[in-house]
Amino acid sequence: MSGDNILTVEHLTMRFGGIVAVNDLSFGAGHRKITALIGPNGAGKTTVFNCITGFYKPTGGALRLRRDGDAEIALERLNDFRISKQAKVARTFQNIRLFPGMTALENLMVAQHNALMQASGFTFLGLIGAPGYRAAEKRAIDLAKFWLERIGLIDRADDAAGNLPYGDQRRLEIARAMCTEPTLLCLDEPAAGLNARESAALSELLLSIRGEQGASILLIEHDMSVVMEISDHVVVMDYGVKIAEGTPGNVRDDPKVIAAYLGADEEEAIAVMESGS
Amino acid sequence: MSVSAPDKKLATSGPGIPFILKKAFISAAVALVLFSLMIGIRTEAGPTGQLIYWTRFGDLALLVGAVFGGSIVIELFRQWLGPADMGQLIPPSVQGGLTIAGRFVAPALLIFTLLVPVIFYNQRYILDLAILVLTYVMLGWGLNVVVGLAGLLDLGYVAFYAVGAYSYALLATNFGLSFWVCLPLAGLLASLWGVMLGFPVLRLRGDYLAIVTLAFGEIIRLVIINWQSLTGGPNGVSGIPRPTLFGIPLTPGDDGLAAKLGIEFSPTHRIVFLFYLILALALLTNWVTIRLRRLPIGRAWEALREDEVACRALGINTTTTKLTAFATGAMFGGFAGAFFATRQGFISPESFTFQESALVLAIVVLGGMGSQLGVALAALAMIGGFELFRGLEQYRMLVFGIAMVLLMIWRPRGLIGHRAPTVYLKQAQAISSDLVKEGHG
């Protein structure tokens with residue numbers, strides 16, 4: 001299991017005062033695979049995300065990231081911006097966090113900050129208009145254009161991000177995360193608030209990110225049609241612990257998962273399933 | 001919820017006479033309470049020290065009546081014009097013309113500024129005023145980096161102005177260094193203090209950030225007052241050398257500029273020189289800021305203003321981004337301070353009170369946070385306009401205050417509220433101020 005994992009979560013625990021949000025959670029996210037983290041509201045999924053992306057410092061446990069040919073990186077030791085900068089883990093947010101007063105193109109340019117900062121000689125070369133920086137900026141614009149075309153927003157590149165429709169904002173946030181050229185992309189409910197057609201387009205986009213860009217994806221999602229369609233591996237959480245894990249098919253038929261979602265006892269769930277079949 | 005826009009407009013013209021009268025009565029009642037003691041009863045110390053008072057109910061009735069009538073008039077106006085909206089007041093054709101005219105405002109203003117010493121050569125008062133306005137334009141542009149771009153509210157900007165001024169004053173009087181050597185040093189020292197201020201406030205937001213920056217400004221001023229052996233305390237530093245044109249002094253002597261050029265000496269030469277000096281410094285500030293906005297660091301500042309959490313998720317080091325914003329803003333403040341010292345020839349802590357910080361912040365807010373042209377126009381209005389009202393004597397502050405309140409009602413996001421994008425594919429469209437965040441600090 002751990003051989004081909006990009007991310008290995010081992011015994012992750014996160015406490016807030018007396019509340020245990022995540023309790024001894026272990027799972028792996030496969031290399032170039034889509035791993036879904038599901039569970040009822042309040043199960044601790046977003047807390048896991050915040051631990052992985054450095055917004056929280058875990059109370060206990062280990063988070064290991066391994067890229068091709070690289071040494072393992074202990075994510076729990078890196079903090080906030082370094083996770084994105086050094087470990088190349090990008091994320092999106094449950095409530096969209098774009099830069100609303102900046103254009104779609106500018107949003108994607110900000111995402112390439114670290115590469116551009118280096119090219120601009122930490123501002124000094126850029127200030128005098130060095131040719132090296134200009135070339136780097138052109139490349140950055142090209143990458144942004146590539147992603148804008150990919151998400152079908154090239155015509156709205158110069159519009160303020162805050163002016164875009166909700167579905168477009170969701171896709172733009174994913175494109176912005178991809179502009180950091182991540183190895184692991186963490187998506188927090190990317191399909192929330194999307195209609196059926198938009199969800200289908202999203203699934204397609206995520207599959208192509210995995211296939212063409214070779215990024216591994218970890219996603220939290222409530223829209224089961226998306227989860228079941230695209231996930232390679234599903235981890236189910238409830239009350240901060242893992243209750244099931246496996247392929248989408250396995251998880252769907254697991255009585256524990258059904259019990260968690262229906263809020264019923266395990267025995268009752270089995271009874272419901274048996275009477276149904 | 002299905003009420004459409006035109007229905008809403010009808011609804012606003014709905015509330016009739018009872019509503020207007022009710023509103024007017026409430027306003028009049030508030031006015032009565034407020035003015036009853038201030039206007040209604042007049043007190044004075046009598047000849048033997050006892051308190052004598054007499055009533056002025058006539059004046060009170062007149063004022064309350066004026067408020068009552070005024071409230072009705074304002075309410076009628078509001079219903080007649082509808083919600084305050086530029087689009088309603090100005091037809092689209094005129095608006096189109098205004099946008100075209102807007103494109104020429106900045107170049108026209110620049111050309112006019114360049115010609116000011118030529119046009120007003122013999123009017124010393126106007127030249128002095130122009131230098132003062134340009135100093136505030138420069139300060140406004142400097143603070144704009146911190147407040148307008150990075151969205152960090154700084155109420156102690158005058159501290160950097162003071163650091164710059166004292167840096168030049170002390171280096172020049174103690175070590176005899178020339179203005180041109182001291183200018184970069186003053187900027188460097190000020191930006192160092194900018195970083196020093198930046199560190200403790202990194203984690204602060206909003207009101208807390210404002211309080212700490214306010215305190216920082218006061219600390220610098222109090223240190224200057226109390227460190228008598230170095231700064232001369234409240235007596236200030238005098239005899240600060242005047243600037244030279246790369247070593248050639250602007251004096252009547254044989255080695256002065258006038259003698260070298262073979263023209264007759266005039267004290268106005270120095271004023272004109274100072275004018276172009278501050279203009280050059282201000283334009284440098286403007287140029288650097290415009291360049292920085294299009295560089296990754298400038299975009300990171302604006303992104304920080306929009307959403308700090310998203311910045312961190314994108315791998316942007318928010319600590320260094322904030323510190324560079326403070327340092328850059330402070331550096332320009334330091335330059336302006338050095339210029340102030342050389343222009344005045346004398347500086348004392350009295351020039352660096354909180355009022356200066358508030359004035360510069362007002363210029364930035366009034367101009368439209370982040371807009372270079374807006375800040376320049378606001379500085380002109382605040383400093384020049386204040387002089388314009390000089391004829392009103394004691395009512396000057398009152399008129400000025402009312403003008404500012406009206407302006408903030410009319411344009412809540414400043415004179416130029418929209419934001420220009422830093423990069424575009426097809427066409428740069430101005431971004432409405434409704435979308436642009438004000439920052440968290």
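Residues numbered from 1 in each chain as written. Chains lettered and ligands numbered in written order. Predicted model: local features only at pLDDT ≥ 70, side-chain atom pairs only at ≥ 80, totals over all residues.

Caption draft 1: Structural detail: the overall build of chain A. Check the secondary structure of chain A and you find 12 helices and 10 strands. Whereas a compact globule of 277 residues would reach a radius of gyration of roughly 19 Å, chain A reaches 20 Å, a difference of no more than 12%. Relative to its 277 residues, chain A shows a buried fraction of 48%. For chain A, long-range pairs separated by at least 24 residues make up 66% of all intrachain contacts whose partners lie at least 6 apart in sequence. (Helix = DSSP H or I, 4+ residues; strand = E, 2+ residues; numbered from the N terminus. Rg over C-alpha atoms; globule rule 2.2 N^0.38 Å. Buried ≥ 20, exposed ≤ 12 C-beta atoms within 10 Å, placed from the backbone. Contact = placed C-beta atoms within 7 Å.)

Caption draft 2: Structural detail: the sheet that holds strand 5 (residues 73-74) of chain A. All names here are of chain A. In spatial order, the strands read 2-1-4-5; together these four strands make up an open sheet with antiparallel pairing. Only two strands of the sheet have a single neighbouring strand rather than two, namely strand 2 (19-30) and strand 5. Examined bridge by bridge, strand 1 (residues 5-16) and strand 2 share eight bridges and lie antiparallel to one another. Residue pairing in the sheet places N5 in a bridge with G30 of strand 2. (Pairing = 2+ DSSP bridges.)

Caption draft 3: Looking closely at the interface of chain B and chain A. Opposite the 33 residues of chain B that make contact, chain A presents 32 residues. Those elements that provide at least two residues to the side of chain B that touches chain A are helix 13 (296-306) and helix 14 (308-313) of chain B. Among the elements that make up the side of chain B that touches chain A, the one with the highest residue count is helix 13 of chain B (seven residues).

Caption draft 4: Broad picture of the packing of helix 3 (residues 104-111) of chain A against helix 7 (residues 166-178) of chain A. All names here are of chain A. With their axes 8 Å apart at the nearest point, helix 3 and helix 7 run at an angle of 30 degrees to one another. By the criterion of interaxial angle, the relationship of helix 3 to helix 7 is roughly parallel. Crossing hand, helix 3 versus helix 7: right-handed. For the pair formed by helix 3 and helix 7, the contact residues are A104, N107, L108 and A111 on the first element and L172, A175 and R176 on the second. (Axes fitted to C-alpha atoms, helices over the stretch in contact; angles between N-to-C directions. Parallel < 35°, antiparallel > 145°, perpendicular 65-115°, else oblique. Left-handed = near helix turned anticlockwise from the far one by under 90°.)

Caption draft 5: Molecular detail of the packing of helix 7 (residues 158-175) of chain B against helix 15 (residues 318-344) of chain B. All names here are of chain B. Two elements in contact, helix 7 and helix 15, have axes separated by 6 Å at closest approach and are oriented at 50 degrees. In terms of orientation, helix 7 lies oblique with respect to helix 15. With respect to the hand of their crossing, helix 7 and helix 15 are arranged in right-handed fashion. When helix 7 is examined against helix 15, the residues F160, Y161, A162, V163, G164, A165, S167, Y168 and A169 are found in contact with a partner set consisting of A330, G333, G334, F335, A336, G337, A338, F340, A341 and T342. Of the residues that constitute the contact of helix 7 with helix 15, the class distribution is 13 nonpolar, six polar and no charged. (Nonpolar A, V, L, I, M, F, W, Y, C, P; charged D, E, K, R; others polar.)

Caption draft 6: Spatial organisation of helix 13 of chain B. Counting buried residues in helix 13 of chain B gives 11 out of 11 residues, a clear majority hidden from the surface. The complete set of buried residues in helix 13 of chain B reads P296(B), I297(B), G298(B), R299(B), A300(B), W301(B), E302(B), A303(B), L304(B), R305(B) and E306(B). Its buried side turned inward, helix 13 of chain B meets helix 3 and helix 4 (113-119) of chain A together with helix 6 (124-149), helix 12 (268-293), helix 14 and helix 15 of chain B.

Caption draft 7: Fine view of the confidence of the model for chain A. Across chain A, the average pLDDT comes to 85, with 93% of residues at or above 70. Confidence scores differ between elements of chain A, with helix 12 (residues 266-276) of chain A showing the lowest mean pLDDT of 62 and helix 3 of chain A the highest of 92. (pLDDT = per-residue confidence, 0-100.)

Caption draft 8: The arrangement of the domain arrangement of chain A in detail. Residues and elements named next belong to chain A. Partitioning chain A into structural domains gives domain 1 (1-88 + 182-277) and domain 2 (100-181). Taking only C-alpha atoms into account, the centre of domain 1 sits 28 Å from that of domain 2. Across the boundary between the two partners, domain 1 contributes 13 residues, which contact 11 residues of domain 2. Listed by contribution, the elements that provide at least two residues to the side of domain 1 that touches domain 2 are helix 2 (81-85), strand 7 (184-188) and helix 8 (196-213). Broken down by element, the side of domain 1 that touches domain 2 gets its largest block of residues, four residues, from helix 8. Grouping the constituent residues of the side of domain 1 that touches domain 2 by class yields seven nonpolar, three polar and three charged. (Domains from an automatic or database assignment.)

Caption draft 9: Region of the structure containing the domain arrangement of chain B. Segmenting chain B into domains produces domain 1 (5-83) and domain 2 (120-244 + 273-410). Relative to domain 2 of chain B, the C-alpha centre of domain 1 of chain B lies at a distance of 40 Å.

Caption draft 10: Representation of the environment of Q429(B) in the model. Structurally, Q429(B) is set in the segment after helix 18 (396-410). Measuring from C-alpha to C-alpha, the distance between Q429(B) and R419(B) comes to 8.8 Å, with 10 residues separating the pair along the chain.

Caption draft 11: Seen up close, the sheet that holds strand 9 (residues 233-238) of chain A. Residues and elements named next belong to chain A. Strand order in the open sheet made by the six strands is 6-7-8-3-9-10, with mixed pairing throughout. Two strands lie at the open edges of the sheet, namely strand 6 (89-91) and strand 10 (241-246), each paired on one side alone. For this sheet, the mean inter-axis angle between neighbouring strands, taken without regard to orientation, is 20 degrees. Note: strand 6 against strand 7, three bridges, orientation parallel. By the bridge assignment, R91 is partnered in strand 7 with C186.

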